[in-house]
Structures are given as structure tokens and as C-alpha cells.
Amino acid sequence: MTPLPAVLGGGELTAWRLDQAIFAQTWDGGEGAFRVGGRWNPAGVRAVYCSLDPAAAILEVAVHTGFGALDTVPYALTAFEITDPAAVHVVQPGDVTNPNWLQAGPPSAGQQAFGEKLLAAHAFVAIPSAVSRHSWNLVFVAARAVGKYHLRSQERFALDTRLHPPRVVRGS
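Every value quoted in this text rests on a predicted model; they were computed, and no experiment measured them.

Rules used in this analysis
Residues numbered from 1 in each chain as written. Predicted model: local features only at pLDDT ≥ 70, side-chain atom pairs only at ≥ 80, totals over all residues. Heavy atoms only, no water. Core = buried A, V, L, I, M, F, W, Y, C linked by side-chain atoms within 4.5 Å. Buried < 20%, exposed > 50% of the residue type's maximum accessible area, 1.4 Å probe, protein only. Helix = DSSP H or I, 4+ residues; strand = E, 2+ residues; numbered from the N terminus. Contact = heavy atoms within 4.5 Å. Expected span 1.5 Å × (residues − 1). Polar contact = N/O pair within 3.5 Å; in protein donor to acceptor, adjacent residues only side chain to side chain. 1 Å grid on protein atoms, 1.4 Å probe; cavity = no way out; pocket = protein on both sides within 12 Å on 5 of 7 lines; lining within 4 Å. Points joined across faces, edges and corners; volume = space filled by probe spheres on them. Nonpolar A, V, L, I, M, F, W, Y, C, P; charged D, E, K, R; others polar. Patch = residues over 30% accessible without salt bridge, like charges linked within 9 Å, V, L, I, M, F, W, Y side chains within 5 Å. Areas by Shrake-Rupley, 256 points an atom, 1.4 Å probe, with all protein chains shown as cover. Salt bridge = Lys/Arg side-chain N within 4 Å of Asp/Glu carboxyl O. Arc of directions from axis to C-beta.

**Here's the deal with the nonpolar core**
Piece 1. Formed by 19 residues in total, the largest nonpolar core has its most connected members in Phe-80, Phe-124, Leu-138, Phe-140 and Tyr-149.
Piece 2. Residue assignment for this core shows that the elements contributing at least two residues are β1 (13–20), β2 (47–51), β3 (75–82), β5 (124–128) and β6 (136–141).
Piece 3. Sort the elements by how many residues they give to this core and β6 lands first, with three residues.
Piece 4. Those residues within four positions of Phe-140 in sequence are excluded, and the remaining contacts are Trp-27, Asp-28, Arg-46, Ala-47, Val-48, Cys-50, Phe-80, Leu-119, Ala-123, Phe-124, Ala-145 and Tyr-149.
Piece 5. Residues Val-45, Trp-101, Ile-127 and Val-139 belong to the second largest nonpolar core, which totals 15 residues.

**Here we look at helix α2 (residues 54–65)**
Piece 1. If you check α2, its first and last C-alpha atoms are 17 Å apart, about what twelve residues at 1.5 Å a residue would give, namely 16 Å.
Piece 2. For α2, the full list of buried residues reads Ala-56, Ala-57, Ile-58, Glu-60, Val-61 and Ala-62.
Piece 3. Residues of α2 that are buried sit in contact with β1, β2, α3 (67–72), β3, β6 and β7 (149–157).
Piece 4. For α2, the side-chain oxygen to backbone nitrogen distance between the N-cap and Ala-55 is 3.3 Å, and the N-cap itself is Asp-53.
Piece 5. Two residues or fewer after α2 comes Gly-66, characterised by a positive phi angle close to 90°.

**Digging into the environment of Glu-60**
Piece 1. Take Glu-60: it is sitting in helix α2.
Piece 2. Its relative accessible area of 18% is what places Glu-60 among the buried residues.
Piece 3. With 53 residues separating them along the chain, Glu-60 and Ala-113 place their C-alpha atoms 21 Å apart.
Piece 4. Aside from chain neighbours lying at most four places away, what touches Glu-60 is Ser-51, Ser-129, Ala-130, Val-131 and Asn-137.

**Things to note about empty space enclosed by the protein**
Piece 1. For the structure on display, the rule yields one cavity of 30 Å³ or more.
Piece 2. Estimated volume of the largest cavity: approximately 30 Å³.
Piece 3. In terms of lining, the largest cavity is formed by Trp-40, Gly-115, Leu-118, Leu-119, Val-125, Ile-127 and Val-139.
Piece 4. Of all elements in the fold, only α4 (109–121) and β5 reach the threshold of two or more residues within the lining of the largest cavity.
Piece 5. When residues of the lining of the largest cavity are assigned to their parent elements, the largest contribution, three residues, is made by α4.
Piece 6. The residue makeup of the lining of the largest cavity, split by class, is six nonpolar, one polar and no charged.

**Let's talk about the layout of surface pockets**
Piece 1. In this model, the largest pocket occupies a volume close to 1,100 Å³.
Piece 2. For the lining of the largest pocket, the secondary-structure elements that each account for two or more residues are β1, α1 (31–36), β2 and α2.
Piece 3. Among the elements that take part in the lining of the largest pocket, α2 stands out by supplying six residues, more than any other.

**Focus on a nonpolar patch on the surface**
Piece 1. Together, Leu-59, Val-63 and Val-131 give the surface a local cluster of nonpolar side chains, amounting to about 210 Å² of exposed area.
Piece 2. Topologically, Leu-59 is positioned in helix α2.

**Some words on α4**
Because each turn of an α-helix spans 3.6 residues, side chains separated by three or four positions end up pointing in the same direction.
Piece 1. Taking 1.5 Å per residue as the helical rise, α4 with its 13 residues ought to reach 18 Å, and the 19 Å between its terminal C-alpha atoms agrees with that figure.
Piece 2. For α4, the complete set of buried residues consists of Gln-111, Gln-112, Phe-114, Gly-115, Leu-118 and Leu-119. One side of α4 holds all its buried residues, which, seen down the axis, span an arc of 160°. Away from the buried face of α4 by more than 90 degrees, exposed residues Ala-109, Lys-117 and Ala-120 are located.
Piece 3. Turning to α4, the residues buried within the fold contact β2, β4 (88–90), β5 and β6.

Note that every value here comes from positions in space, so none of it alone points to a role or purpose.
This is the structure we're talking about:
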């Protein structure tokens with residue numbers, strides 16, 4: 001597992017999120033997680049899923065949409081600063097009740113309840129990624145984290161085209 005960024009000891013911390021461009025302005029609204037739930041929240045909780053590095057943010061979206069969508073649909077990459085890294089609660093792999101919660105696959109009701117409890121108690125939760133075991137995700141509810149983060153930048157995202165190459169048709 002990659003160590004947490006040293007900045008968690010003080011200073012500002014940057015987190016990243018990738019959204020379809022049409023949703024860029026509401027990047028911290030948690031609408032998708034509110035509607036259908038997520039790995040660490042049941043439906044009805046406006047959890048915002050981010051990563052502590054931009055590559056992990058891209059992989060977290062690609063695992064659900066595929067690289068084809070990232071190549072053909074406009075996306076925006078958002079960077080935001082957490083002004084008080086002490087507000088981040090770090091969940092180490094040994095802290096989760098069921099180690100399978102950190103594996104790929106659909107979440108269980110117990111996993112979502114565990115995450116909901118964390119989100120109710122902490123402004124931000126850093127938790128290992130299931131997509132990249134060496135990366136960290138950051139989950140928060142914007143209403144709970146008011147004044148503890150601010151938008152740093154949003155930019156048009158462009159996928160490296162090698163990740164979505166043309167199909168090669170071989171002759172018979």
C-alpha cells in the first residue's frame with residue numbers, strides 16, 4: 001500500500017474527482033451516490049467519492065464506465081484543497097470489519113452501514129481503493145465538510161488515446 005501523502009501531517013491536501021463535463025459544476029453534490037448508494041454509503045446519503053491522486057480518480061471512473069466512455073464523452077478533472085488535513089479520518093485496511101470490503105465487487109449492506117457511520121462522524125474519510133490497492137480514496141458529505149475545502153481547479157480531461165485503441169480486424 002502506498003503511504004498516505006506526507007501533507008496529512010500539516011498544510012493543505014489536494015484531492016481529485018473526475019465527472020462528466022455536464023456535471024462539473026455540481027461535482028461535490030453527491031447526487032449519484034444519493035440516488036443509488038455507493039461502496040461506502042447507502043442510497044439517501046450524498047457521499048462524494050474522490051481520490052488522493054488524479055490517476056486513481058481516473059481509474060475509479062474507468063472501472064465503471066470503461067476507457068471508451070472516457071475517450072468519447074467529455075469529462076472534467078476537479079482538484080480541490082482540504083484546508084485542514086486533521087479533518088481527514090484515515091481508515092487503514094485492518095480497521096474495516098470485513099477485509100472483503102476492500103476487494104472489487106458490489107458492496108454489502110454492512111459495508112454501506114460502516115461507511116455511513118464514518119461519514120456521519122467525520123468531515124472526510126480516507127480509505128484504501130478497491131480499484132488500486134496502492135491508492136487512497138477520499139469520501140465526504142459536502143454539508144458536513146462546509147468550510148473545510150475549496151475548489152482549486154477544474155480542467156477538461158483528455159484520455160491518453162492508447163488506453164482506447166482501435167479494434168484490429170484480422171483477415172481470415
